[in-house]
Amino acid sequence: MPGIAVPAGSPVRVPRPDYARPPSVAAAFYIAWASTDAVHDQPGTYLALCAPLVTPALERQLAASQPAPAAWQAMHRARLVSLVRVQAVTRPDGAPAPSAAVVYLRVYATRLTTTPAGRQVASDGITVQLTSSGGRWLVSAVLFY
């Protein structure tokens, strides 16, 4: 099954989530949200990639927090490509127990950032809240990263 559509030539690969499985949605969201291809993408590409994975309220928050045009242009000039590979998705220590309506998950990942100046690998991650909506799980909040 193909994943969520990305611009031609982009190395970003967002897997198709299983909306019945919160860890699948959380992993796909983190890849869509945290990966950047300033060579092939447009400033709003990440929002388009995240939209099928998030609640309408979170989509509005993400739209309001997109990078400033000058920041995007700087990344584009630097030919920055930052790819995220999810390593694990777990329930965070101390998080409320999962319910039929809400689940909290921690996504652990590795980020590979490339520019013409070189490559950098770093550990990365995020904690998200997912909410069951219409029989499928969607990310409803980014809690911390």
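As a reminder, the structure under discussion sits directly above these lines.
This one's a predicted model, so the numbers in the text were calculated from it and none came from an experiment.

## What about the sheet that holds strand S3 (residues 102-115)?
Ordered in space as S1-S2-S3-S4-S5, the 5 strands form an open sheet in which the pairing is antiparallel. Sheet topology places strand S1 (36-37) and strand S5 (136-144) at the edges, where each strand pairs with a single neighbour. The strands touched by helix H1 (residues 22-34) are S1, strand S2 (81-90), S3, strand S4 (118-133) and S5; relative to S4, the strand with the most contacts, the crossing angle is about 135°.

## Thoughts on the pairing of S2
Bridge count between S1 and S2: 2 bridges; the pairing is antiparallel. Opposite Thr36, over in S2, you have Ser82 as the bridge partner. Taken together, the 9 bridges between S2 and S3 define a ladder with antiparallel strand orientation. The residue of S3 that forms the bridge with Ser82 is Thr113.

## Side note on the nonpolar core
Val14, Phe29, Tyr30, Trp33, Leu62, Leu130 and Val139 are the most contacted members of the largest nonpolar core, which has 29 residues in total. Looking at this core, the elements that each hand over two or more residues are H1, helix H2 (45-50), helix H3 (56-64), S3, S4 and S5. By residue number, the principal contributor to this core is H1, which donates 9 residues. Not counting residues within four places of it along the chain, the set of residues in contact with Leu62 comprises Phe29, Trp33, Tyr46, Leu47, Cys50 and Val54.

## A short note on the pattern of salt bridges
A complete count under the given rule lists 1 salt bridge for this structure. The salt bridge partner of Asp124 is Arg111, with a shortest N-O separation of 2.6 Å. One end of the pair, Asp124, is in strand S4; the other, Arg111, is in strand S3, and 13 residues separate them in sequence.

Reading guide: rules and limits
- Residues numbered from 1 in each chain as written.
- Predicted model: local features only at pLDDT ≥ 70, side-chain atom pairs only at ≥ 80, totals over all residues.
- Heavy atoms only, no water.
- Pairing = 2+ DSSP bridges.
- Helix = DSSP H or I, 4+ residues; strand = E, 2+ residues; numbered from the N terminus.
- Contact = heavy atoms within 4.5 Å.
- Axes fitted to C-alpha atoms, helices over the stretch in contact; angles between N-to-C directions.
- Core = buried A, V, L, I, M, F, W, Y, C linked by side-chain atoms within 4.5 Å.
- Buried < 20%, exposed > 50% of the residue type's maximum accessible area, 1.4 Å probe, protein only.
- Salt bridge = Lys/Arg side-chain N within 4 Å of Asp/Glu carboxyl O.

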